[in-house]
Amino acid sequence: MKCFHHNSTEAVAVCMYCGRGLCPACIAFPTARRMVCSSACQTALERDERTLLLLLDKSVQNARASAFYFYLCGGLSAAAAVAAWFMLPSPFLIYFTAGCALVCFAAGFWYGRGARQSGT
Ligand SMILES: [Zn+2]
Ligand SMILES: [Zn+2]
């Protein structure tokens, strides 16, 4: 690949944002973590990264909300299992609601752990 600016010079890097070939003279910020062709691409790249971080942050919040709902659901199922135990002596209903409670608690635990891990 040739440099996008100097047609006779071989590119040594590629702009992380627009993908153009860069020769050593055209790398806008040689000391930066990422190779970019211009400050415009640098800004755009940083903006994209911020958007990504924001999305990650949102997904952590979603995981927390999911954990909360699963715990809630598990609590309700557990209450239903206890109610079934006393009011409706039907083994199927008791096992079913107790199973639901277990699954919901497990899911809530899983989501809660995920939220903690990516939240730090
Ligand atoms: Zn670029
Ligand atoms: Zn060049």
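This structure is a prediction, so every number in the text was calculated from the model and none was measured. (Residues numbered from 1 in each chain as written. Chains lettered and ligands numbered in written order. Predicted model: local features only at pLDDT ≥ 70, side-chain atom pairs only at ≥ 80, totals over all residues. Heavy atoms only, no water.)

Another point: the overall build of the chain. Along the chain, the regular secondary structure elements total two helices and two strands. For the chain, the succession of helices and strands along the chain, N to C, is β-β-α-α. Against the compact-globule benchmark of 14 Å for 120 residues, the chain has a radius of gyration of 27 Å, which places it well outside the compact range. Dimensions of the chain, computed from the C-alpha atoms along their principal axes, are close to 85 × 20 × 15 Å. When burial is assessed residue by residue, the chain has 25% of its 120 residues classed as buried. Expressed as a percentage of contacts within the chain between residues at least 6 apart in sequence, the contacts between residues at least 24 apart total 29%. (Helix = DSSP H or I, 4+ residues; strand = E, 2+ residues; numbered from the N terminus. Rg over C-alpha atoms; globule rule 2.2 N^0.38 Å. Buried < 20%, exposed > 50% of the residue type's maximum accessible area, 1.4 Å probe, protein only. Contact = heavy atoms within 4.5 Å.)

Attention shifts here to the coordination of the zinc ion (ligand 1). Distances from the zinc ion (ligand 1) to its protein donors, Cys15 (SG), Cys18 (SG), Cys37 (SG) and Cys41 (SG), fall within 2.2 to 2.3 Å. Spacing between the donor residues of the zinc ion (ligand 1) along the chain follows C-x2-C-x18-C-x3-C. Here Cys15, found in the loop between strand 1 (13-14) and strand 2 (21-22), pairs with Cys41, found in helix 1 (residues 39-87); they are 26 residues apart in sequence, far enough to count as distant. The exposure class of Cys15 is buried, given its relative accessible area of 3%. Its relative accessible area of 8% is what places Cys41 among the buried residues. (Donors = N, O, S within 2.8 Å, 3.2 Å for Na, K, Ca; no water.)

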